[in-house]
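Given next are the chains, with one letter for each unit.
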Amino acid sequence: VATPKHFAVHSGPEPDRHTFNAVVDERDLRETYLPAFRATILEANAQSVMCAYNRFRGAPCCGSNELLERILRKEWGFSGYVVSDCGAIWDIHVKHKVVATEPEAAAMAVKAGTDLNCGEAYRGLREAVNNGIISEALIDVSVKRLFRARFRLGMFDPPERVSYARIPYGVNDSPEHHTLALEAARKSIVLLKNERGILPLARMLKTIAVVGPNADDFEVLLGNYNGVSTDPVTPLRGIREKAGKDTRVLFARGCDLAENMPSVEIIPPDVLSSGLGGNGVRGLKAEYFNNPDFQGDPFLTRTDTTVHFNWWEEPPLAGMKADSFSVRWSGFLTPPVTGKYSLGVRIFGGVRLFLDDSLIVEVSALHSAHALWKALELTAGQHYAIRLEYGDRRPDASVDLVWARPYPTLKEDALVVARSADLVIAVMGLSPKLEGEEMEVPVPGFSGGDRIEIGLPANQEAFLKELVAVGKPVVLVLLNGSALAVPWAAENIPAIVNAWYPGQAAGTALADVLFGDYNPAGRLPVTFYRSADQIPPFTDYAMKGRTYRYFSGQPLFPFGYGLSYTRFTYGNLHAPEHVKAGDPVRVSVEVTNAGAIPGEEVVQLYLSDLEASAPVPIRSLQGFRRVSLNPGETRRVEFTLMPRQLSLIDATGARIVEPGEFELSVGGRQPGGAGAADVSTTQVLTGRFSVVGSSIPIPERDQ
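Residues numbered from 1 in each chain as written. Predicted model: local features only at pLDDT ≥ 70, side-chain atom pairs only at ≥ 80, totals over all residues. Heavy atoms only, no water.

Enquirer: For the overall build of the protein chain, give the residues involved together with the corresponding values.
Expert: Of regular secondary structure, the protein chain possesses 13 helices and 34 strands. In terms of C-alpha radius of gyration, the protein chain reaches 28 Å, essentially the compact-globule figure of 27 Å for 703 residues. Viewed in the frame of its principal axes, the protein chain has a C-alpha envelope of about 90 × 75 × 50 Å. Contacts spanning at least 24 positions in sequence make up 74% of the contacts within the protein chain whose residues lie at least 6 apart. When the accessible surface of the protein chain is totalled, it reaches about 30700 Å², and 52% of it is carbon and sulfur. (Helix = DSSP H or I, 4+ residues; strand = E, 2+ residues; numbered from the N terminus. Rg over C-alpha atoms; globule rule 2.2 N^0.38 Å. Contact = heavy atoms within 4.5 Å. Areas by Shrake-Rupley, 256 points an atom, 1.4 Å probe, with all protein chains shown as cover.)

Enquirer: Tell me about the packing of helix 7 (residues 175-188) against helix 12 (residues 506-514), and please be specific about residues and values.
Expert: Orientation of helix 7 relative to helix 12, taken along the N-to-C sense of each, is 45°, at an axis distance of 8 Å. Here helix 7 lies oblique to helix 12, going by the angle between them. The element helix 7 and its partner helix 12 pack so that their crossing is right-handed. In contact with Leu182, Ala185 and Arg186 of helix 7, helix 12 contributes Thr508, Ala509 and Asp512. (Axes fitted to C-alpha atoms, helices over the stretch in contact; angles between N-to-C directions. Parallel < 35°, antiparallel > 145°, perpendicular 65-115°, else oblique. Left-handed = near helix turned anticlockwise from the far one by under 90°.)

Enquirer: Describe in detail the sheet that holds strand 27 (residues 599-609), supporting the description with residues and values.
Expert: Pairing within the open sheet is mixed, and its 5 strands lie in the order 25-33-32-27-28. Here the strands that pair on one side only, and so sit at the sheet edges, are strand 25 (578-580) and strand 28 (620-629). Averaged over neighbouring strand pairs, the angle between their axes works out to 25° when direction is ignored. Pairing of strand 27 with strand 28, which is carried by 9 bridges, proceeds in the antiparallel orientation. When the sheet's bridge partners are listed, Gln604 is paired in strand 28 with Phe624. (Pairing = 2+ DSSP bridges.)

Enquirer: Mind laying out helix 7, listing which residues take part and the relevant values?
Expert: The end-to-end C-alpha separation of helix 7 is 20 Å, in line with the 20 Å expected for 14 residues at 1.5 Å each. For helix 7, the full list of buried residues reads Ala181, Leu182 and Ala185. Viewed along the axis of helix 7, the buried residues span an arc of 95°, placing them on a single side of the element. When the buried face of helix 7 is taken as reference, the exposed residues oriented beyond 90 degrees from it are Glu176 and Thr179. (Expected span 1.5 Å × (residues − 1). Buried < 20%, exposed > 50% of the residue type's maximum accessible area, 1.4 Å probe, protein only. Arc of directions from axis to C-beta.)

Enquirer: Go over the packing of aromatic side chains, please, and point to the residues and values.
Expert: Following the criterion strictly, the structure yields 17 aromatic pairs and no others. Between the aromatic rings of Phe289 and Phe294, the centroid separation amounts to 5.8 Å while the plane-to-plane angle is 75°, which identifies the pairing as edge-to-face. The two residues Phe289 and Phe294 agree in class, both being buried. When the centroid spacing of 5.3 Å and the interplanar angle of 35° are considered together, the rings of Phe557 and Tyr561 count as tilted. Each of the two residues, Phe557 as well as Tyr561, counts as buried. (Phe/Tyr/Trp six-rings, centres within 6.5 Å; stacked < 30°, edge-to-face > 60°.)

Enquirer: Any details on the state of the cysteines? Residues and values, ideally.
Expert: A complete count under the given rule lists 2 disulfides for this structure. Taken in N- to C-terminal order, the disulfide-linked cysteines of the protein chain are connected 1-2, 3-4. Cys61 carries a free sulfur, and the closest cysteine sulfur to it, the one in Cys62, is 6.8 Å from it. On the basis of relative accessibility, which here comes to 1%, the residue Cys61 falls in the buried class. (Disulfide = S-S within 2.5 Å.)

Enquirer: I'd like a rundown of the packing of helix 9 (residues 410-419) against helix 10 (residues 458-469), residues and numbers included.
Expert: Where helix 9 meets helix 10, the axes come as close as 10 Å, and the angle between the chain directions of the two elements is 30°. With respect to helix 10, the axis of helix 9 lies roughly parallel. Our pair here, helix 9 against helix 10, has a crossing hand that is right-handed. Across from Lys411, Ala414, Leu415 and Ala418 in helix 9, the residues of helix 10 making contact are Phe463, Glu466 and Leu467.

Enquirer: Can you break down unusual backbone geometry residue by residue, with the values?
Expert: In this structure, Pro200 follows Leu199 across a cis peptide bond, with omega equal to 0°. Here Pro200 lies in the loop between strand 6 (190-194) and strand 7 (207-211). We note that Asn260 has phi near 65°; this positive angle belongs to a residue other than glycine. Here Asn260 lies in the loop between strand 8 (248-252) and strand 9 (265-266). Note on Asn260: relative accessible area 44%, which makes it partly exposed. Within the chain, Asp356 stands out as a residue other than glycine whose phi angle is a positive 50°. Positionally, Asp356 belongs in the loop between strand 15 (339-355) and strand 16 (358-378).

Enquirer: Just give me the short version of the pattern of salt bridges, but keep the residues and values in it.
Expert: Throughout the structure, instances matching the rule amount to 36 salt bridges. The salt bridge involving Lys187 is made with Glu183; its shortest N-O contact spans 3.1 Å. Here Lys187 and its partner Glu183 are both found in helix 7, 4 residues apart, which amounts to about one turn of the helix. For Lys187, a relative accessible area of 31% corresponds to the partly exposed category. Take Glu183: its relative accessible area is 37%, and that puts it in the partly exposed class. In this structure, the salt-bridge partner of Lys242 is Asp517, at a minimum N-O distance of 2.8 Å. (Salt bridge = Lys/Arg side-chain N within 4 Å of Asp/Glu carboxyl O.)

Enquirer: Give a description of a nonpolar patch on the surface that names residues and reports values.
Expert: Taken together, the side chains of Val143, Phe147, Phe151, Leu153, Met155, Phe156, Tyr164, Ile167 and Val171 present a nonpolar region at the surface, about 860 Å² in accessible area. Positionally, Val171 belongs in the loop between helix 6 (136-152) and helix 7. Judged by its relative accessible area of 37%, Val171 is partly exposed. (Patch = residues over 30% accessible without salt bridge, like charges linked within 9 Å, V, L, I, M, F, W, Y side chains within 5 Å.)

Keep in mind that these numbers describe shape and distance, not what the molecule does.
Take a look at the structure:
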């Protein structure tokens, strides 16, 4: 993104950080991105902002006085500290090349207001001071901001005086938070298609086939930069628990996630042995060292049946250091069948994996759990010497020894299962292993975690077509962090559910929706295009032709779209005919649950400036309310549009409200034929009003 980024967990893929030459027009920036960031500062009082990799008006964001000083601190009154995205200061001289040296890059960032560097570039500040590029007094400004944040967090106070220090870890993994995770997952699920009322599922189904690479993979429940829950519920588990004992639930994966992306699992004890030539006890010899470098005698030696450990903040063994230890596992691996294996690790920390003394995997994962493997031809019954060396120097230690075994009948087994079932649930889509920030993704259609194509991976699309050809009813469940183009599925599959990366309670929430114990009401927060051909390349940072605000084509499923198991009607839309420039606009509408079951409706208000003197979006979402209604119940929903919501940026760069005609639309979706327009479960009402009088300016810090 081209704006300061609030420091938060990533919820989806970012643009490639090495795409640097894109320059964002100020109107694109201020009209499209900044309102959300502005709200975090002026309304939520955020105290930390992260500056991005790319440039704004020729200056790298982390070295932009206009972005960080004029807009963020002066116009918005931000009083906290700015931290760089990791490596962004290094990028200033190495990638952007706007200065020649590391000291110059560091000085440029501090002068612009980047107080904290994620990386090593601020080591150049000493040289920058010695060379007169920056003064110590200016560095002190950033130092004071950082210490002020630390003081406010109580980092220099006795623990008993700091409320944060008295919160036990158990609060995080509490029953209340489990309930909240389930609620969040339920509310985020979007019903995209429900032809012939196939959903909710009938309780009399005797056999359900669950297939697909995302059906039983806990990693796909979570996004990038995530923790790992203690009891993640996969879709398969959730469906089995919900279906009950009278319904058989069969499972077969059917296909891998993508080409060159196998589905790995923990290597079981029955193929591991601690003795020479496959002799000895099952498992591997484990040597635990009380240092990160395998130095000296082991703290303890034992046999571990598998390598599958999540130590988190704790040491592996009582008496060992928590964040400075190492473990060496060694023994023999004996494959059960001959064929192509993927052998590797899933770790948080640093690891080296050897097979017959050849290094096959070496990786250090510092930000999140990381999986890496190597494809190998292995022979059944042969004893391969295996050694895994793991070192940890930070919290959140975890390590798994994993593989993917040969499975020549992967697709055929799933088709057999489908033929024997009354209904098929195909759980497919993407994964944090495919989309994310700066990743090596050896899959066609992906580039470093960015997506060149926006459809399903080719192998999933092919498998889905064969699955539908079996002739059984199919419900497609998509798990993904970004929009998916699934035009074939939209034409040929009767029911489609988008569940995103729904978190630890994913399977429970999904089953609640599929079986009708929860009426879905989620709406798409992004546009689902028909293909990448409908939008500009991701290296083009301009807004023209992208997002619901500037896209004039017909998407597959529009922003704000989502179905329900009940039906909502709208009436009595009230709005003024005229409003004086600078006055608020009050809008209300009646919403009725005209169906037979309780449900939630997301009432959305869109606004279009029909007579703007400068370029403006086609329409903008300016308000929404989620309301719960029983059958036959009616409620009046009210909105107040503030002057800022009617404003635009004129040719001089000033924000103004000007006279003219506006169109407003209120309903459960976007107005007009914006793709999937025939939504039988909701309505849209439209109206117009005029702003009269003279143009008035809107100050940046108005509320």
